[in-house]
Amino acid sequence: MRLVHSAEPVRFDHGAALRVPPPHDVKNWRTLWMWLGEDAQAMTEAGSVQVCTPDGWTVAQPGDWIVLSVSGEFHVAHARRTLDS
């Protein structure tokens, strides 16, 4: 097997991430609000937050990860949801 090396090194945009806490977790909600600053808006749905991302405002719910990339942009990684029957 032969390895192919590209001329350009792959650059990953690593940053930091915080998980959206459950609605009753006041301490971690305070931390999340301070971290997001003006790039977030409260939602009427308990435990949800709107985050300004490069693709527009995105809703993040408890269990989702909000990622701050090195470029300074927020992204939302949604957790797997289960459907109630």
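Residues numbered from 1 in each chain as written. Predicted model: local features only at pLDDT ≥ 70, side-chain atom pairs only at ≥ 80, totals over all residues. Heavy atoms only, no water.

Asks: I'm lost on the overall build of the protein chain in this one. Help?
Replies: Each helix and strand counted, the protein chain has 1 helix and 6 strands in total. Mapped from its N terminus to its C terminus, the protein chain presents α and β elements in the order β-α-β-β-β-β-β. The buried share of the protein chain, taken over its 85 residues, is 22%. Taking contacts inside the protein chain between residues at least 6 apart in sequence as the whole, the part at least 24 apart equals 32%. By element, 55% of the accessible surface of the protein chain is carried by carbon and sulfur atoms, the whole surface being about 6,700 Å². (Helix = DSSP H or I, 4+ residues; strand = E, 2+ residues; numbered from the N terminus. Buried < 20%, exposed > 50% of the residue type's maximum accessible area, 1.4 Å probe, protein only. Contact = heavy atoms within 4.5 Å. Areas by Shrake-Rupley, 256 points an atom, 1.4 Å probe, with all protein chains shown as cover.)

Asks: Hey, could you run me through the confidence of the model for the protein chain in this one?
Replies: Keep in mind that low pLDDT regions are not for reading the predicted coordinates in detail. Averaged over every residue, the pLDDT of the protein chain is 83; residues scoring 70 or more account for 78%. Counting interchain partners and residues more than four positions distant, the pLDDT-below-50 stretch residues 1-6 has 0 contacts. (pLDDT = per-residue confidence, 0-100.)

Asks: What is the right way to read the environment of Glu38 from this model?
Replies: One can find Glu38 in the loop between helix H1 (26-36) and strand E2 (40-42). Through-space distance from the C-alpha of Glu38 to that of Val51 is 9.1 Å; in sequence the pair is 13 residues apart.

Asks: Would you take a moment to explain the nonpolar core for this structure?
Replies: Val20, Trp29, Leu32, Leu36, Ala40, Val49, Val51, Ala60, Ile66, Phe74 and Val76 form the largest nonpolar core, which has 11 residues in total. The set of elements that each furnish at least two residues to this core consists of H1, strand E3 (49-53) and strand E6 (74-77). A total of 3 residues in this core trace back to one element, the largest contributor, which is H1. Other than its neighbours up to four places away in sequence, Leu32 contacts Leu18, Val20, Pro21 and Ile66. (Core = buried A, V, L, I, M, F, W, Y, C linked by side-chain atoms within 4.5 Å.)

Asks: Would you mind showing me how to read the side chain of Ser69 here?
Replies: Among the structural elements, Ser69 can be located in the loop between strand E5 (65-68) and E6. Among the polar contacts made by the side chain of Ser69, one reaches the side chain of Ser71 at a distance of 2.7 Å. (Polar contact = N/O pair within 3.5 Å; in protein donor to acceptor, adjacent residues only side chain to side chain.)

Asks: Explanation requested: the sheet that holds E2 in the structure shown.
Replies: The strands that make up a sheet are held in pairs by hydrogen bonds between backbone atoms, and each pair lies either parallel or antiparallel. Across the sheet, 3 strands lie side by side as E2-E3-E4; this open sheet has antiparallel pairing. Strand pairing shows two members of the sheet lacking a second neighbour, E2 and strand E4 (56-60), which therefore form its edges. Here the average twist between neighbouring strands, direction ignored, is 30°. (Pairing = 2+ DSSP bridges. Axes fitted to C-alpha atoms, helices over the stretch in contact; angles between N-to-C directions.)

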